[in-house]
Amino acid sequence: MSKLRVAIIAPPWISIPPKGYGGIEAVLDGLITGLKNHDVQVELFSIGKTKIRGVKVHSLYKTEQYHHIHKPMYESLPIIGAHLQYALNAIRADGKFDIIHDHNGFLGPQVLAWATHDMGIPPVIHTIHGPPFSNQEMLDQDLPDNRPFWRNLAKMDSRFYVVGISNTLMKPAPANLRSHIVPTVYNAVDVSQFTYLAKKKNFFITLARFSSDKGQHIAAKLCDQLGYKLKMAGAVAGIESTRQLALEIANPLSPYRNAVDFRYYSDRILPFTINNNDITNIGNVEGSRKLDLLANAKALLFPIDWEEPFGMSVIEALASGTPVIAMNRGAMSEIIQHGINGFLANSEQEFAEYMQRIDEIDPRECRKSVEERFSADVMALSYIDRYKEVIRLSS
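Overview of the structure. (Residues numbered from 1 in each chain as written. Predicted model: local features only at pLDDT ≥ 70, side-chain atom pairs only at ≥ 80, totals over all residues. Heavy atoms only, no water.)

Helix and strand content of the protein: 15 helices and 13 strands. Taking 2.2 N^0.38 as the reference for a compact globule, 395 residues should give roughly 21 Å; the C-alpha atoms of the protein span a radius of gyration of 21 Å, in line with that estimate. Seen through its principal axes, the protein has C-alpha atoms that stretch 65 × 50 × 40 Å. Looking at the protein as a whole, 54% of its 395 residues qualify as buried. Here the contacts in the protein between residues at least 6 apart in sequence split such that 67% fall between residues at least 24 apart. (Helix = DSSP H or I, 4+ residues; strand = E, 2+ residues; numbered from the N terminus. Rg over C-alpha atoms; globule rule 2.2 N^0.38 Å. Buried < 20%, exposed > 50% of the residue type's maximum accessible area, 1.4 Å probe, protein only. Contact = heavy atoms within 4.5 Å.)

What follows is the structure in structure tokens.
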């Protein structure tokens, strides 16, 4: 039997592997390595700066396009549209791929579902990384309803299938989409890349872009009340360095003042960092600095205030032997085994109580939970099964 040949279409925003922020790109880095280890032939559609040993990379854009991602849709949409069209043209001209694996939210499914009516295009599996399917809470926040998109996509007679990154994410999917859904595949990391330390230092961490959804203000408030040290890592409205952030905060005419995440930081996080020297924002972290931070922390605090589809920083912490305390929302109950590799809190009071009990968690159990369920090898094998299933369903 010939090798399975897969065309992976990554987003055009960030290179692989990512240097800092880049959840999808980090997942793809591990997936591609895992697929190669299982003798799958992978070709990747990304940007020119992407370099993965032994993998052919096709690129329309030579540099990262992330600086455009937060611009109005009419400015940023042509980038992802051109990227997808470039990939489809190359895949059709090649004619020998067995399957396409897409990771471009909304526009990817829109384009690729139609593309599969062309028999020169192989079947498609699209990973839904988020956002969650719309619910009443999201609608009450005046967020657009994405369910009509998925309902109408499901009406198409296409060789197009979707897979979610958690069961929680996929549970509220529109009923008529279910015939196009294959079983969940969890995100994963290459565990060997993470430093494991059993002995921790005396500080907690948060690791995420600053946003009310991520709830860093809860972590700051509780550490302030309980007298714990807290190091907060992450970008603020795309600002990665603390120096630039300080300059923008000091500038009353800063254009960032129009950004919701910037206002969240300045209104709800900054006061804690000013009044308490034990609560610090260390900016975006990457490379060895990130690995050291994850491995040395007492715990990762994850006080989310939304239905988190997965949570890459959660499994990164666990891979480092670092337990996680999270609000019991979204996919957290699928990752965190309460009392074994962390704690699930249903209120701020419970969250505070679990912070004081964190020494009950064995770092070895944290690492083991990722090795067994969220390793790159486990993810790769699961995707190989899904590829074969989609090919069978499309034949």
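In this model, Ile-16 is joined to Pro-17 through a cis peptide bond whose omega is -5°. Mapped onto the elements of the fold, Pro-17 is located in the loop between strand S1 (5-9) and helix H1 (23-37). For the peptide bond that leads from Gly-130 to Pro-131, omega is 0°, which places it in the cis range. Along the polypeptide, Pro-131 turns up in the loop between strand S5 (124-128) and helix H4 (136-140). Even without glycine at this site, Asp-39 takes up a positive phi of about 65°. Tracing the sequence through the fold places Asp-39 in the loop between H1 and strand S2 (41-46). At Asp-142, a position not held by glycine, the phi torsion is positive, near 65°. Assignment of secondary structure puts Asp-142 in the loop between H4 and helix H5 (147-154).

Let us look at the sheet that holds S2. Taken together, seven strands build an open sheet; the order of strands is S3-S2-S1-S4-S5-S6-S7 and the sheet is parallel. Two strands close off the open sheet at either side, each with one partner strand: strand S3 (56-59) and strand S7 (181-182). Bridging between S1 and strand S4 (residues 99-102) involves four bridges; their strand directions are parallel. When the sheet's bridge partners are listed, Ile-9 is paired in S4 with Asp-102. (Pairing = 2+ DSSP bridges.)

Taken as a whole, this structure holds 13 aromatic pairs when the rule is applied. Taking the centre distance of 6.3 Å and the plane angle of 35° together, the rings of Tyr-186 and Phe-310 count as tilted. Note that Tyr-186 is positioned in the loop between S7 and strand S8 (204-207) and Phe-310 in the loop between strand S11 (299-302) and helix H11 (312-319), a separation of 124 residues in sequence. Residues Tyr-383 and Tyr-387 carry aromatic rings whose centres are separated by 6.0 Å and whose planes lie at 25° to one another, so their mutual orientation is stacked. (Phe/Tyr/Trp six-rings, centres within 6.5 Å; stacked < 30°, edge-to-face > 60°.)

Okay, the packing of helix H2 (residues 73-94) against helix H3 (residues 107-115) next. Viewed as axis vectors pointing N to C, H2 and H3 meet at an angle of 30°, and their least axial separation amounts to 10 Å. Once H2 is placed against H3, the crossing between them reads as right-handed. On the side of H2, the interface is formed by Leu-77, Ile-80, Gly-81, Leu-84, Gln-85 and Leu-88, while H3 contributes Leu-107, Gly-108, Val-111, Leu-112 and Ala-115. Split into classes, the residues belonging to the contact of H2 with H3 amount to eight nonpolar, three polar and no charged. (Axes fitted to C-alpha atoms, helices over the stretch in contact; angles between N-to-C directions. Left-handed = near helix turned anticlockwise from the far one by under 90°. Nonpolar A, V, L, I, M, F, W, Y, C, P; charged D, E, K, R; others polar.)

Going residue by residue along S11, you find Ala-299 and Leu-301 tucked away on one face and Leu-300 and Phe-302 tucked away on the opposite face as well. Across three bridges, S11 lies against strand S12 (residues 324-327) in parallel orientation. Across the sheet, residue Leu-300 finds its bridge partner in S12, namely Val-324. This β-α-β element, S11 to H11 to S12, shows right-handed connectivity. (Right-handed = clockwise from strand over helix to strand, strands pointing away.)

What follows concerns the sheet that holds strand S13 (residues 342-345). Spatial strand order, S10-S9-S8-S11-S12-S13: six strands in an open sheet with parallel pairing. Looking along the sheet, the strands with just one partner apiece sit at the ends: strand S10 (279-283) and S13. Along the sheet, successive strands turn relative to each other by an average axial angle of 25°, direction set aside. With two bridges connecting them, S8 and S11 associate as parallel partners. Following the sheet pairing, Ile-205 is matched in S11 by Leu-300. Against the sheet, helix H9 (residues 260-275) contacts strand S9 (230-233) and S10, and its axis sits at roughly 120° relative to S10.

The relative placement of two packed helices is expressed as an angle between their axes plus a distance between the axes. Contact geometry for H3 and H5: axes closest at 11 Å, N-to-C directions at 10°. The angle between H3 and H5 falls in the class roughly parallel. Along its contact with H3, which presents Pro-109, Gln-110 and Ala-113, the element H5 presents Phe-149, Trp-150 and Leu-153. The class makeup of the residues in the contact of H3 with H5 is five nonpolar, one polar and no charged. (Parallel < 35°, antiparallel > 145°, perpendicular 65-115°, else oblique.)

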